[in-house]
Amino acid sequence: SATLDAFAANCGAMVVPVPQAYDANDITIAGLAAVAREAAEFMGSVAKAIEDGKVSDNELFDVDRELGELVGRVQAVRARVAQLNAEGKPQRRAVG
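Let me sum up the structure you'll find in this document.

### Here's the deal with the overall build of the chain
Counting its regular elements, the chain contains 3 helices and 0 strands. The order of helices and strands in the chain, counted from the N terminus, is α-α-α. Per-residue burial for the chain yields a buried fraction of 20% across its 96 residues. Considering only intrachain contacts with a sequence separation of at least 6, the fraction spanning at least 24 residues in the chain is 77%. Only carbon and sulfur atoms are counted for the fraction: they give 58% of the accessible area of the chain, which is about 7,000 Å².

This is the structure:
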């Protein structure tokens, strides 16, 4: 939310969406394209912020917001990769 983002910015922090905010099962071409799209939006916000050699509070806020969204998407992909790794391991049987 904008209020939470503003509060975090005032604290010198940023809000990062948790992987559950995204579809952690979406490790398809479309899902990976969403990561690429977020990366492009982040880079676009950085380019816009620095184009005049000065960065306003609003521009920094936009960069931080886009970075948070990108990190959230990447964490979701990482969570799915870890899930696939765990699913590929043999089940351990209880001893005793």
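Read on, since the account is not over.
### Remarks on the nonpolar core
If you look at the biggest cluster of nonpolar residues, it comprises 6 residues: Val35, Phe42, Ala49, Val63, Leu70 and Val77. At the level of secondary structure, the elements contributing two or more residues to this core comprise helix 2 (29–50) and helix 3 (57–87). Aside from chain neighbours lying at most four places away, what touches Phe42 is Val63, Glu66, Leu67 and Leu70.

### Regarding a nonpolar patch on the surface
A grouping of Ile50, Val55 and Leu60 is seen on the molecular surface, where their side chains present a nonpolar patch of about 270 Å² in accessible area. For Val55, the location among the structural elements is in the loop between helix 2 and helix 3.

### Some words on helix 2
Here helix 2 contains 22 residues, and its C-alpha end-to-end distance of 31 Å stays within 8% of the 32 Å for a straight helix at 1.5 Å per residue. Taken together, the buried positions of helix 2 are Gly31, Ala34, Val35, Glu38, Phe42, Ser45 and Ala49. What you see down the axis of helix 2 is that its buried residues fit within an arc of 100 degrees, all on one side. Helix 2 presents Ile29, Ala30, Met43, Lys48 and Ile50 as exposed residues on the side facing more than 90 degrees away from its buried surface. Each element contacted by the buried residues of helix 2 is listed here: helix 3.

### So, the side chain of Ser45
If you trace the backbone, Ser45 turns up in helix 2. Dropping the residues within four chain positions of it, Ser45 is found in contact with Asp62, Val63 and Glu66.

### Side note on the pattern of salt bridges
What the rule picks out here adds up to 4 salt bridges. Note that Glu38 and Arg73 form a salt bridge whose closest N and O atoms lie 3.8 Å from each other. Taken together, the residues span a long stretch of sequence, with Glu38 in helix 2 and Arg73 in helix 3 at a distance of 35 residues. Note on Glu38: relative accessible area 10%, which makes it buried. Put simply, Glu87 and Arg80 hold a salt bridge, and the shortest N to O gap is 3.9 Å. Linked through salt bridges whose partners overlap, the residues forming this network are Asp62, Arg65 and Glu66.

Analysis parameters
Residues numbered from 1 in each chain as written. Predicted model: local features only at pLDDT ≥ 70, side-chain atom pairs only at ≥ 80, totals over all residues. Heavy atoms only, no water. Helix = DSSP H or I, 4+ residues; strand = E, 2+ residues; numbered from the N terminus. Buried < 20%, exposed > 50% of the residue type's maximum accessible area, 1.4 Å probe, protein only. Contact = heavy atoms within 4.5 Å. Areas by Shrake-Rupley, 256 points an atom, 1.4 Å probe, with all protein chains shown as cover. Core = buried A, V, L, I, M, F, W, Y, C linked by side-chain atoms within 4.5 Å. Patch = residues over 30% accessible without salt bridge, like charges linked within 9 Å, V, L, I, M, F, W, Y side chains within 5 Å. Salt bridge = Lys/Arg side-chain N within 4 Å of Asp/Glu carboxyl O. Expected span 1.5 Å × (residues − 1). Arc of directions from axis to C-beta.

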